[in-house]
Amino acid sequence: DAKRDHMCTITRSTPECNTILSAPQAGSIIRAVMRTALIAIAIVVLIVFLAGGVFVFHFAKAAFDVTNDVPKMPTELATARVLSGEGVFAKAVYYTDPGLGVVTDIERTQTGEPVIVGHAGAAFLSANGSASKKIQFDRCEHDVTLSDLAGGSFLCRGSWDTGASLIGLDGKTLWAYTVFPGVDDAASGTIGAGGAQGVVVGFPGGTGIRLISPQGKELWSQKDGNVWHVEIAPSGNSSGNVIVHSNAAGQITLRDANGTVLARSQPEIYLSDFSLTAWKDDSLRNKLIAAQKGSFYVLSQDGKTVTRLSAPKSMTDTDEASGIPVHFSKGTPYYAALVRNTLWSRSVLYIYDQQDQPVYSEVIDQDCAAFSALGDSNGNQDLLLGCNGVVWKYSPTKR
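All of the points below concern the structure found in this document. (Residues numbered from 1 in each chain as written. Predicted model: local features only at pLDDT ≥ 70, side-chain atom pairs only at ≥ 80, totals over all residues. Heavy atoms only, no water.)

So, the sheet that holds strand E2 (residues 89–96)
- One open sheet accounts for four strands, arranged E2-E29-E28-E27; its pairing is antiparallel. The open sheet has two free edges, formed respectively by E2 and strand E27 (370–375), since each of these has just one partner strand. With direction set aside, neighbouring strand axes in the sheet form an average angle of 25°.
- Where E2 meets strand E29 (residues 390–396), seven bridges bridge the pair, whose relative direction is antiparallel. Its bridge partner lying in E29, alanine 90 is registered against serine 395. (Pairing = 2+ DSSP bridges. Helix = DSSP H or I, 4+ residues; strand = E, 2+ residues; numbered from the N terminus. Axes fitted to C-alpha atoms, helices over the stretch in contact; angles between N-to-C directions.)

Here is the structure:
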């Protein structure tokens, strides 16, 4: 309780401090503030290097001011409501279980069984949408994803205060990994043509990036600065999957199974947080989507902008973004994208048509973090969105 009282003291400029903050809320605030400050400091370093110190005082002051002034929730996000496209989609509960916590992954097993994964557990669903199996595990204060490692497992992607860990299908932690000052992010999968398996972990500061075996042993370590976010993605050629991550310079870095840099590129935006996405009719999840103030950017692995989508309710440059193509009717590719702000526990859903024009937008007063598409035998799909212990289903009112 004393710790939580202290958390509220240092964040008293937020409306939430009318009551005592929960540990997840406090963690989200600290992570958001620290990331914002580190990004600002990284930009200061770049400016110092490129401009020989001009304007250093002003940028440094702005960076340090961030830590003392947690922004209040914008009034535009305070109330849950449909912003545009009222009546275009019907919204219904697909699955609910408050014990899962925030739903951060929706996947399918090799047999096609839906799996709903949250901060505190997972549910395997049967064909009728009921849970055939439930798993509870020690709560992870960061995103949890389904993993193929260890014959099936869950990856707690970690953060500065929790580290990364691999959780078995029985809910028991197989191993946990962290070093001072903690981790930024982690991703699991198979890398390279040889099929090397492991967990790639990115670190703040100059610690860099490391590969951990499925058994929890460190395999290699490579230097880099502020590896904000990391993914394992298809390369699109015979070389297999590659490691994709951002860094202090805001670059996209590609690495092979040994951690060797294959390429670096500088997109038109400063890249920190991102997620993988497919695009249009290409089902390969080898594009990146990131949010900046007012826009989504879909990027190729070489840093080129594939498209820029209007997102007026993306309020900060530390908002998280995710996206997925959805064929609400066969042969008609729509695109759903999400702005996620864990600091305020708010999310904004956008749906775009074939011409990349928004046809629907909604403010959701929950932390939403997972997308999936639910198809039928006719090739029509509905959109699934995972939020606070619930998965919503969006269906077009007119196919």
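Description of the state of the cysteines
- Counted according to the given criterion, the structure contains two disulfides.
- Across the disulfide from cysteine 140 sits cysteine 156; the S-S distance is 2.0 Å. Residues cysteine 140 and cysteine 156 share a disulfide whose torsion about the S-S bond is about 70°; that sign makes it right-handed. Placement of cysteine 140 in the loop between strand E6 (131–136) and strand E7 (144–147) and of cysteine 156 in strand E8 (residues 153–156) is noted, with a sequence separation of 16 residues between them.
- What makes cysteine 140 buried here is its relative accessible area of 3%.
- Residue cysteine 156 is classed as buried on the basis of its relative accessible area, which comes to 4%.
- Disulfide partner of cysteine 368: cysteine 387, at an S-S distance of 2.1 Å. Here cysteine 368 and cysteine 387 share a disulfide; its torsion about the S-S bond, 100°, makes the bridge right-handed. (Disulfide = S-S within 2.5 Å. Buried < 20%, exposed > 50% of the residue type's maximum accessible area, 1.4 Å probe, protein only.)

Points about the side chain of aspartate 319
- Following the sequence through the fold, aspartate 319 ends up in the loop between strand E22 (305–310) and strand E23 (320–329).
- An unpaired buried charge is present at aspartate 319: no salt bridge exists, and lysine 293, the closest side chain of opposite charge, is 9.3 Å distant.
- Here serine 314 takes part through its side chain, which lies 3.4 Å from a polar atom of the side chain of aspartate 319.
- Here aspartate 319 is in contact with Ala291, Ser314, Val339, Arg340 and Asn341, once residues within four sequence places are set aside. (Lys, Arg positive; Asp, Glu negative; His and termini not counted. Salt bridge = Lys/Arg side-chain N within 4 Å of Asp/Glu carboxyl O. Polar contact = N/O pair within 3.5 Å; in protein donor to acceptor, adjacent residues only side chain to side chain. Contact = heavy atoms within 4.5 Å.)

Focus on the pairing of strand E10 (residues 173–177)
- In terms of strand pairing, strand E9 (residues 164–168) meets E10 through four bridges, oriented antiparallel. What sits directly across from serine 165, in E10, is alanine 176.
- Between E9 and the antiparallel strand that follows it, E10, lie four residues; glycine 171 among them carries a positive phi value of about 90°.

Points about the packing of aromatic side chains
- Per the counting criterion, the structure on display carries nine aromatic pairs.
- Measuring from centroid to centroid gives 5.4 Å for phenylalanine 89 and tyrosine 360, while their planes differ by 80°, and the two rings are edge-to-face. Of this pair, phenylalanine 89 sits in strand E2 while tyrosine 360 sits in strand E26 (residues 358–364), and the two are 271 residues apart along the sequence. Grouping residues by exposure puts phenylalanine 89 and tyrosine 360 together as buried.
- Ring plane angle 65° and centroid distance 6.1 Å describe the contact between tyrosine 360 and tyrosine 394, whose orientation is recorded as edge-to-face. With tyrosine 360 in strand E26 and tyrosine 394 in strand E29, this residue pair connects regions lying 34 residues apart in the sequence. By the burial criterion, tyrosine 360 is buried, and tyrosine 394 matches it.
- In this structure an aromatic cluster arises from ring pairing among Phe89, Phe328, Tyr334, Tyr360 and Tyr394.
- Above the face of the phenylalanine 124 ring, lysine 133 is positioned so that its terminal group lies 5.5 Å from the ring centre.
- Its end group placed over the ring of phenylalanine 203, arginine 210 keeps NZ or CZ at 5.2 Å from the ring centre. (Phe/Tyr/Trp six-rings, centres within 6.5 Å; stacked < 30°, edge-to-face > 60°. Lys NZ or Arg CZ within 6 Å of the ring centre and 35° of its normal.)

Interpretation note: all reported values are geometric properties and have no functional meaning in isolation.
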